[in-house]
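Architecture and fold: a report
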Amino acid sequence: MPGIHLHYTVPGDDFTRAGEASADVKARLKKLGLPPETIRKVSIALYEGEINLAIHAGGGDVDVDITDSAVHMRLTDEGPGIADIALAMSAGYSTAPDEVRSLGFGAGMGLPNMKKYSDEFSIQSAVGVGTTVEMTVRTA
C-alpha cells in the first residue's frame, strides 16, 4: 500500500468536534482492512490526543501517516506547554478547569492512555511555546 497522509485541524474548546479526526481515521483504517486491535489502539490514542488539544491547547493540528507497517500520529499545538511532563504523565493528574470536568472530561488519563495504546510514544513541550506528541501503532 502506498503511504497515506491525512491532516486535521482540531478547534479549541469545541468538544462536539473533538473526535472527528479519530472517527475519520478509524473508518479509513477499517476500509484498508487493518487488524481490529490496531484500529482500536489508534482510535483510543488519537481521541485522547484530540480531547487534550481542545481542553488544554486551544486546538491544534493532527497529522496521520499510514503505511504497511504502522500508523504514525503527530499532534502539535501552540498552547501553553507543559511545565512538568513527568507529572502530566501521572494517571489522574489534570489541569482541566472545573467546567470541563463537569462535562465528563479532564480526568487526567489522556496522556497516560495515549502512551498505553501506542507502541511508540514521545512528547516534547516548552512552556509558552506549545507541545508536540508523536505516537506510533504498528500494524503487524
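Summary of the structure given here. (Residues numbered from 1 in each chain as written. Predicted model: local features only at pLDDT ≥ 70, side-chain atom pairs only at ≥ 80, totals over all residues. Heavy atoms only, no water.)

1. Focus: the pairing of strand E5 (residues 130–138)
Formally: Summary of the burial criterion: residues with accessible area below 20% of their type's maximum are buried, those above 50% are exposed, and those between are partly exposed, where the area comes from a 1.4 Å probe applied to protein chains only. Helical segments are the DSSP runs of H or I of at least four residues, strand segments are the runs of E of at least two, and each set is numbered from the N terminus. Whether two strands pair comes down to DSSP finding at least two bridges between them.
In terms of residue burial, E5 counts as a mostly covered element, since 8 of its 9 residues are buried. Where strand E3 (residues 70–77) lies against E5, 8 bridges are found, and the strand directions are antiparallel. Residue pairing in the sheet places Met73 in a bridge with Met135 of E5. Looking at chain direction, strand E4 (residues 120–126) and E5 are connected through 7 bridges and run antiparallel. The residue of E5 that forms the bridge with Ser122 is Glu134. In this antiparallel pair of consecutive strands, E4 and E5, the connection spans 3 residues, and Gly128 shows a positive phi of 80°.

2. A closer look at helix H1 (residues 20–32)
The periodicity of an α-helix, 3.6 residues per turn, causes residues three or four places apart in sequence to face the same way. Selection criterion: Helix span, as expected, comes to 1.5 Å for every residue beyond the first. To be clear, the arc concerns the directions from the helix axis to the C-beta atoms. Residues count as neighbours in contact if any of their non-hydrogen atoms are within 4.5 Å of one another.
An ideal rise of 1.5 Å per residue puts 18 Å on 13 residues; H1 measures up with 18 Å between its terminal C-alpha atoms. When we look at burial in H1, the residues that qualify are Ala21, Ser22, Val25 and Leu29. The buried residues of H1 occupy an angular sector of 90° when projected down its axis, which confines them to one face. The outward face of H1, more than 90 degrees from its buried face, is lined by the exposed residues Lys30 and Lys31. Structurally, H1 contributes buried residues whose contacts are with strand E1 (4–11), helix H2 (36–56), strand E2 (59–66) and E3.

3. A word on the pattern of salt bridges
The line we're drawing: For this document, the term salt bridge refers to a Lys or Arg side-chain nitrogen within 4 Å of an Asp or Glu carboxyl oxygen.
Taken as a whole, this structure holds 6 salt bridges when the rule is applied. Note that Asp24 is salt-bridged to Arg28, the shortest N-O span being 2.8 Å. Of this pair, Asp24 and Arg28 both sit in helix H1, 4 residues apart, which is roughly one turn of the helix. Asp24 gets classed as partly exposed once you look at its relative accessible area, which sits at 27%.

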